Amino acid sequence: MSAAVMDLVEIFNGEGAFVFVDRPAGGAPIFYVQRSADLQAGSPQLAGRSGSGVMLATEELRKYPTQLIAMVHRLANDTTATAAYADTIEMAEYLVAEARKVPYAPYISGAGQLWQEFMRHNN
């Protein structure tokens, strides 16, 4: 299980949910919502790639529609985005519902490239 995922489970004491993204070669992403409480209890469905970061989406993000839309698009198409933590299950389900509506156009964000470079040099 990703250390970032486990840290967030601990920080938020099993509240909220994670969106995990599986990106099959050449195909559109597949999204999974996993409750933090299930991860805390030791029954993960998916748990993020080791060494990958986790985006953070709180209900507060709804006040900033431009940032929320950007997160949805990144979750849908940034090939380096593998997980997002939402402080509520409703936010996690919203992210997935909106990400499924985004046309499939994969890319690697600048932040994703930086993260990959950082991880390559730290291993």
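All values reported here derive from a predicted model rather than from experimental measurement.

**Student:** Can you tell me about the sheet that holds strand E4 (residues 83-86), naming the residues and giving the values?
**Tutor:** The 4 strands lie next to each other as E2-E1-E4-E3, forming an open sheet whose pairing is mixed. Each end of this open sheet is capped by a strand with a single partner; those strands are strand E2 (30-35) and strand E3 (55-57). Looking at each pair of strands side by side, their axes are set apart by 25 degrees on average, direction ignored. With 6 bridges connecting them, strand E1 (residues 17-22) and E2 associate as antiparallel partners. Note on E2: the bridge partner recorded for Phe-18 is Gln-34. Against the sheet, helix H4 (residues 89-101) touches E1, E2, E3 and E4, its axis set at about 175 degrees to E2.

**Student:** Outline unusual backbone geometry, listing residues and values.
**Tutor:** Even without being a glycine, Asn-13 presents a positive backbone phi close to 50 degrees. Structurally, the position occupied by Asn-13 is in the loop between helix H1 (3-11) and E1. Judged by relative accessible area, which is 55%, Asn-13 ranks as exposed.

**Student:** Which residues make up the nonpolar core, and what values do they have?
**Tutor:** In terms of nonpolar packing, the biggest core is built from 21 residues, with Val-19, Phe-31, Leu-75, Met-91 and Leu-95 touching the most fellow members. At the level of elements, E1, E3, helix H3 (65-77), E4 and H4 are the ones that each hand at least two residues to this core. Not counting chain neighbours up to four residues away, the residues in contact with Leu-75 comprise Val-19, Val-21, Arg-23, Phe-31, Met-55, Ala-81, Ala-84 and Leu-95. Counting 8 residues, the second-largest nonpolar core is a separate cluster that includes Val-5, Leu-8, Val-9 and Phe-20.

**Student:** Give me the lowdown on the side chain of Thr-80, citing residues and values where you can.
**Tutor:** The residue Thr-80 is located in the loop between H3 and E4 in this model. The class for Thr-80 is buried, based on a relative accessible area of 12%. Side-chain polar atoms of Thr-80 contact the side chain of Asp-78, separated by 2.8 Å.

**Student:** Account for H4, with residues named and values stated.
**Tutor:** Each full turn of the α-helix corresponds to 3.6 residues, which orients residues three or four apart in the same direction. Between the first and last C-alpha of H4 there are 19 Å, a value that for 13 residues agrees with the 18 Å anticipated at 1.5 Å per step. Within H4 the residues assigned to the buried category are Met-91, Ala-92, Leu-95, Val-96 and Ala-99. Within H4, the buried residues cover an arc of 135 degrees as seen down the axis, which keeps them to one side. Exposed side chains of H4 directed beyond 90 degrees from the buried face belong to Glu-90, Arg-100 and Lys-101. On its buried face, H4 sits against E1, E2, E3, H3 and E4.

Thresholds, definitions, all that
Sequence order as written defines residue numbering, which begins from 1 separately in each chain. Owing to the predicted nature of the model, reporting of local features is limited to residues with pLDDT of at least 70; listing and counting of side-chain atom pairs is limited to 80 or more, with chain, interface and lining totals taken over all residues. Neither water nor hydrogens contribute to the side-chain values; these are computed over all heavy atoms in the structure. Each pair of strands is called paired provided DSSP finds at least two bridges between the two strands. Put simply, DSSP H or I for four residues or longer makes a helix, DSSP E for two residues or longer makes a strand, and each gets a number counted from the N terminus. Orientation is described by lines fitted to C-alpha atoms, with helices fitted over the stretch in contact, and by angles between N-to-C directions that extend from 0 to 180 degrees. Two residues qualify as a contact provided that any one of their heavy atoms is within 4.5 Å of a heavy atom in the partner residue. Only protein chains enter the accessibility calculation, which uses a 1.4 Å probe; a residue whose area is less than 20% of its type maximum is buried, one above 50% is exposed, and one in between is partly exposed. Here, nonpolar core means buried Ala, Val, Leu, Ile, Met, Phe, Trp, Tyr and Cys residues that are tied together by side-chain atoms lying within 4.5 Å of each other. Any pair of nitrogen or oxygen atoms within 3.5 Å is treated as a polar contact; in protein, a donor-acceptor pairing is required on top of that, and neighbouring residues in sequence qualify only through side-chain atoms on both sides. Multiplying 1.5 Å by the helix residue count minus one yields the expected span of that helix. Note that the arc is defined by the directions from the helix axis to the C-beta atoms.

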